[in-house]
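Descriptive analysis of the structure
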Amino acid sequence: MIAQPANGRWVIWLTLLGAVVLHLVPLSENLRWWRPDFPLLVLFYWVLALPYRIGVFSAALVGAVVGLLEGGPPSAVALGAVAATVIILITYQRLRLFTPLQQSIMMALLLAFAYVLERWLEGFVGVAQSDIRFLFPAVTSAFCWPLVRGLLRGLRRYYEVT
Amino acid sequence: MFLKQNHLGYRLFAVLVLCSVGLFWWRDHAALGGVRAFATDVTGSLYQIAGTPARLWDGLGEFWVSRTALQEQVRRLEQENLVIKGQTQRLAAIMAENARYRALLNSAALVANEVMVAEIIGVTPDPSRHILMLDKGRSDGVTAGLPILGADGLMGQVIAVGENHSQALLITDLTHAVPIQINRNGVRGIAEGAGDLNTLIVRHIAATTDIKVGDLLVTSGLARRFPQGYPVAKVISVELAPGEAFATVHAAPLAALDKGKHVLVAGSDKPSLVVDTAQ
C-alpha cells in the first residue's frame, strides 16, 4: 500500500482549491452563519479515501489557507483541521464501513471538534466571540457530506487517483 | 502497519511544533513580514477568482444598460457634482478660517488628508469577523494602520498589506476599538466593536457624564491611529443602572458597513485620486 505510486494528485489539489474558492462566495448576512465548510469536507474525504496520501501536513496547509482567508490566526484553524484529520487517520477503516447517515453525523462531530479547538486557540492568542452560532456550519456540512462524497468518489474513480 | 503509525507520530509532532510557533509569531513577528504580505496577496487573488462570476454578471448588466438611462445618470451625477463642488468651495474658506482660529489658540492646524478609492473585492467568510479585502496594496501607497472611510463616516483600518491587496478591519469587529469624543462637548471615550454590524459599545462613560441619545461621536485623534474629527457613530441608547459607576452606552456606526463597493483609504502616500481640501 505504501509502495503504491501516486497518481492523479492534481485532482486532489484541484478539488481542494475549488472548495476554498467556493468558501469565498458571498452570502447574505443571515445565511453566512450556515455556510457549509466545503474546504474541510473535501479534505476529510481525501483523508478517508487516501489516508496514505493526504495526512496531517495537507490538513495543516488547507487549514492555514482557510484561516488566512477568514482573517483569523491561520495556525488555529490549521490545528483544528489537523486534530480532526488525526482522528480520521486512526479510525478510517471503521469510518469507511459506516452507513451514509452515520458518516454524516461523524463529519458533523469532527467539524464541531475542529471548530471548538480553533475557538479555544483563538481565545488563547486574542479574542474569540462567545457565540454558539459558530457550530452551525457543522450541521449544514453534515447535510452536504453525501453530495461531496458522491462527487469526489466519482472523480477519484474516473481519474484513478491513488 | 507499525511503521506507518510511527510515521504519523513524527509528522504530527512536526506539524504541532510548526503550528504552535505560528500561533504566537504569525501576527507580530518582524521576520514573517514578507510572508504575511505574500499571504495577503495570495488570499486577495483567491477572492478575485471567487468574485469573478459576480463581476461578469455585473459587467453584462452594464453592457445592456440603455442609452437613456445612462444619459439620465450622467445628468444626475453632473448636478450632484455641481452641488458638492459648491459646498467644497465654502469648505476651503472655512478650513482656512479654522486654521487661523487654531493658530490663535496655539494649537497645530489639522493635517489635510489625501484619500484614495479602493474597491471591496470580498468579505471574510467567517461571520464572527468583520474584515474586508481591498484591491489596493503597498504599490498604491497603502500601509497598515491607515483609516478606511465610507461616504458617511469611519469604517475601520487597514490591518494587513500585500503588494496589490490589503485587508481592513471594520470598527464593529470584536477586536476593534476607536478613541472617540462627543462632538457636542468634547467628552472623550472609547467605542468598541461588539461583533454586530449595527452596534458599538462606548466604554467607561461615568454615570454623571453629559451624553444623550443622538449625540454624534467623532474620532478624538488620541492614540494617533485615526486623525481627529472623522464622524464614527451616533448614540442610540444610554442606560443608567442605579449603583453602577458607568453608564451602558450603545452607538450605531454612521458608515454603511455592509453596503457599497468602494471605500476611501485616507492618508495614503500615493493617492490615485487627490482631494486636497486645504487649497
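Structure: see above.
Below or above, wherever it landed, is the structure these notes cover. Please read all numbers here as calculations on a predicted model, not as lab measurements. (Residues numbered from 1 in each chain as written. Chains lettered and ligands numbered in written order. Predicted model: local features only at pLDDT ≥ 70, side-chain atom pairs only at ≥ 80, totals over all residues. Heavy atoms only, no water.)

Among the surface-exposed residues, Trp-120 and Phe-124 of chain A together with Phe-13, Val-17, Val-21, Phe-24 and Trp-25 of chain B lie close enough to one another that they form a single nonpolar patch of about 800 Å² accessible area. For the nonpolar patch, the secondary structure elements donating two or more residues are α5 (100–125) of chain A together with α1 (2–25) of chain B. Sorting elements by how many residues they give to the nonpolar patch places α1 of chain B first, with 5 residues. Among the secondary structure elements, Val-17 of chain B is positioned in helix α1. (Patch = residues over 30% accessible without salt bridge, like charges linked within 9 Å, V, L, I, M, F, W, Y side chains within 5 Å. Areas by Shrake-Rupley, 256 points an atom, 1.4 Å probe, with all protein chains shown as cover. Salt bridge = Lys/Arg side-chain N within 4 Å of Asp/Glu carboxyl O. Helix = DSSP H or I, 4+ residues; strand = E, 2+ residues; numbered from the N terminus.)

Glancing now at the sheet that holds strand β5 (residues 166–170) of chain B. Residues and elements named next belong to chain B. With respect to topology, 6 strands assemble into a closed barrel ordered β1-β2-β5-β4-β3-β12, the strand pairing being antiparallel. Taking each pair of neighbouring strands and ignoring which way they run, the sheet shows an average axis angle of 45 degrees. With 5 bridges joining them, strand β1 (residues 115–123) and strand β12 (residues 262–266) adopt antiparallel strand pairing. Its bridge partner being in β12, Ala-118 is matched across the sheet by Val-263. Helix α2 (residues 33–63) rests against β1, β2 (131–134), β4 (154–161) and β5 of the sheet, and its axis sits at about 65 degrees to β1. (Pairing = 2+ DSSP bridges. Axes fitted to C-alpha atoms, helices over the stretch in contact; angles between N-to-C directions. Contact = heavy atoms within 4.5 Å.)

With that out of the way, let us pick up the side chain of Glu-70 of chain A. When you line up the elements, Glu-70 of chain A lands in helix α3 (residues 56–70). Buried charged residue Glu-70 of chain A carries no salt bridge. Nearest counter-charge: Arg-129 of chain B, at 5.4 Å. If we skip the residues at most four places from it in the chain, Glu-70 of chain A touches His-23 and Glu-118 of chain A together with Thr-124, Pro-125, Asp-126, Arg-129 and Ile-131 of chain B. (Buried < 20%, exposed > 50% of the residue type's maximum accessible area, 1.4 Å probe, protein only. Lys, Arg positive; Asp, Glu negative; His and termini not counted.)

Tallying each qualifying case throughout the model produces 15 salt bridges over all chains. Where Asp-131 of chain A meets Arg-133 of chain A, a salt bridge forms, and the shortest distance between an N and an O atom there is 3.0 Å. Assessed through its relative accessible area of 17%, Asp-131 of chain A is described here as buried. For the salt bridge of Glu-192 of chain B with Arg-203 of chain B, the shortest nitrogen-to-oxygen distance reads 2.8 Å. With a gap of 11 residues between them, Glu-192 of chain B in strand β7 (residues 188–193) and Arg-203 of chain B in strand β8 (residues 200–206) connect regions that are remote in the sequence. Connected via shared salt-bridge partners are Arg-119 and Glu-122 of chain A together with Asp-126 and Arg-129 of chain B.

Let us look at α2 of chain B. With 31 residues, α2 of chain B extends 42 Å from end C-alpha to end C-alpha; this agrees with the ideal 45 Å at 1.5 Å per step. Along α2 of chain B, the helix axis deviates most sharply at Thr-52 of chain B, where the bend reaches about 45 degrees; the proline Pro-53 of chain B sits within four residues downstream. The set of residues buried in α2 of chain B consists of Ala-37, Ala-39, Thr-40, Asp-41, Thr-43, Gly-44, Leu-46, Tyr-47, Ala-50 and Gly-51 of chain B. Where α2 of chain B is buried, its residues contact α1 (9–23) and α3 of chain A together with β1, β2, β4 and β5 of chain B. (Expected span 1.5 Å × (residues − 1). Bend = angle between axes of the 7 residues up to and from the residue.)

This paragraph deals with the interface of chain A and chain B. Note on interface size: it is often stated as the accessible area lost on association of the parts. Listed as interface residues are 37 residues of chain A and, on the opposing side, 32 residues of chain B. When chain A packs against chain B, close to 3300 Å² is buried across both sides, 72% of that on carbon and sulfur atoms. Viewed at the interface, chain B and chain A are joined by 1 salt bridge. A salt bridge links Arg-129 of chain B to Glu-122 of chain A; the nearest nitrogen and oxygen atoms lie 2.9 Å apart. Our enumeration of links across chain A and chain B arrives at 8 residue pairs in polar contact (both at pLDDT 80 or more). For the side of chain A that touches chain B, the secondary structure elements donating two or more residues are α1, α3, α4 (74–97) and α5 of chain A. (Buried area = accessible area lost by both parts, 1.4 Å probe. Polar contact = N/O pair within 3.5 Å; in protein donor to acceptor, adjacent residues only side chain to side chain.)

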